[in-house]
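Fold and contact review
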Amino acid sequence: MSDSLSSAAASIPATSLCVYCGTNVGSSPSYVAAATALGAEMAERRIGLVYSGGRLGLMGAVADAVLAGGGHVAGIIPQSLVRAELAHPGLSSLEVADSMHTRKARMAELADGFIALAGGFGTFEELLEVLTWNQLGFIRKPVVLFDVDGFYAPLIQMFDTAVEAGFVRADHAALAQRGTTVDDVLALATAPAPSTPHKWIDLDQGLQGT
Ligand code: AMP
């Protein structure tokens, strides 16, 4: 499945959070500032970071901040991206997964909760995947959008649109919790995930299979 490339001295923390974020830094310094503040506070609280293992963009910024604070960082990178995303050389551990799917499953396995900082398609895809896994009951782990300068407002609006249109339960839209400060985000990501009913709205209305 995956090979452990390196293993440093930092002991594995009791709580680990997976942070999804862009391989670019974005157009506003607010995004790097948020990534750095989040990483520093995770180290301070002895919360381990699980992330995609690269040193580019916001990914590198959050990892560097955790490491600078003496925290534990586990990177999981697919073999195909070791060069493209420049695997971070200073992590507590770095696993090379045989595929993107293996990588994402491993990140979800290691983490107790998920935080999405600003990012692009890769970040959205990872965020939506763990939301759907929660919705289906495959996992029950908190998912938090770190909403810097309203970055996630349009996506949250899209979730509300899907609720109004009858495709998503309001309870499931609420799985995407939102925080605007490091304290709020960490409080939500380390609390139990909201409990939810099953996914299939039509079953409740007797419409399925008729
Ligand atoms: P991005 O937000 O597009 O800068 O990508 C952030 C991270 O998402 C990168 O580490 C990508 O490797 C990862 N990622 C995960 N799944 C995908 C996917 N299906 N397409 C692109 N990137 C992905």
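Residues numbered from 1 in each chain as written. Predicted model: local features only at pLDDT ≥ 70, side-chain atom pairs only at ≥ 80, totals over all residues. Heavy atoms only, no water.

Quick look at the packing of aromatic side chains
In the structure shown here, the tally under the stated rule is five aromatic pairs. Ring geometry for Phe-151 and Tyr-152: centres 4.9 Å apart, planes at 90°, overall edge-to-face. Residue class for Tyr-152 comes out buried when judged on its relative accessible area of 1%. Through successive ring pairs, a cluster of aromatic residues spans Tyr-31, Phe-124, Phe-151 and Tyr-152. (Phe/Tyr/Trp six-rings, centres within 6.5 Å; stacked < 30°, edge-to-face > 60°. Buried < 20%, exposed > 50% of the residue type's maximum accessible area, 1.4 Å probe, protein only.)

So, the site of the ligand
Around the ligand, 17 residues are found, and the nearest of them are Thr-23, Arg-103, Gly-120, Gly-122 and Thr-123. The side chain of Thr-23 places a nitrogen or oxygen atom 2.8 Å from an oxygen atom of the ligand. Gly-120 is positioned with one of its backbone polar atoms (N or O) 2.7 Å from an oxygen atom of the ligand. Burial of the ligand by the surrounding chains reaches 77%, relative to a free accessible area of 490 Å². The leading source of residues in the shell around the ligand is helix α4 (residues 121–136), at five residues. For the shell around the ligand, the class distribution of residues is five nonpolar, seven polar and five charged. (Near = heavy atom within 4 Å. Polar contact = N/O pair within 3.5 Å; in protein donor to acceptor, adjacent residues only side chain to side chain. Areas by Shrake-Rupley, 256 points an atom, 1.4 Å probe, with all protein chains shown as cover. Helix = DSSP H or I, 4+ residues; strand = E, 2+ residues; numbered from the N terminus. Nonpolar A, V, L, I, M, F, W, Y, C, P; charged D, E, K, R; others polar.)

As for the pairing of strand β5 (residues 93–97)
Most of β5 is tucked away: five of the five residues are buried. Because side chains alternate across β5, one face comprises the buried residues Ser-93, Glu-95 and Ala-97, and the other comprises Leu-94 and Val-96, equally buried.

Thoughts on the confidence of the model for the chain
Looking at the chain as a whole, the pLDDT averages 92, with 93% of positions reaching at least 70. Here residues 1–9 is a poorly scored stretch, pLDDT under 50, and it has 20 contacts once near neighbours within four places are set aside; other chains count. (pLDDT = per-residue confidence, 0-100. Contact = heavy atoms within 4.5 Å.)

Some thoughts on unusual backbone geometry
In this structure, Arg-46 takes a positive phi of about 60° despite not being glycine. Position of Arg-46 relative to the elements: it lies in the loop between α1 (29–44) and β3 (47–51). A relative accessible area of 54% places Arg-46 in the exposed class. Non-glycine residue Asp-149 carries a positive phi angle of around 55°. Given a relative accessible area of 58%, Asp-149 falls into the exposed group.

Side note on the pattern of salt bridges
In this structure the tally under the stated criterion is seven salt bridges. A salt bridge links Arg-45 to Glu-41, with the nearest nitrogen and oxygen atoms 2.8 Å apart. Owing to a relative accessible area of 36%, Arg-45 belongs among the partly exposed residues under this scheme. A relative accessible area of 24% places Glu-41 in the partly exposed class. Between Arg-106 and Glu-95 there is a salt bridge whose closest N-O contact spans 2.8 Å. Residue Arg-106 is located in helix α3 (residues 100–110), and its partner Glu-95 is located in strand β5; the two are separated by eleven residues in the primary sequence. (Salt bridge = Lys/Arg side-chain N within 4 Å of Asp/Glu carboxyl O.)

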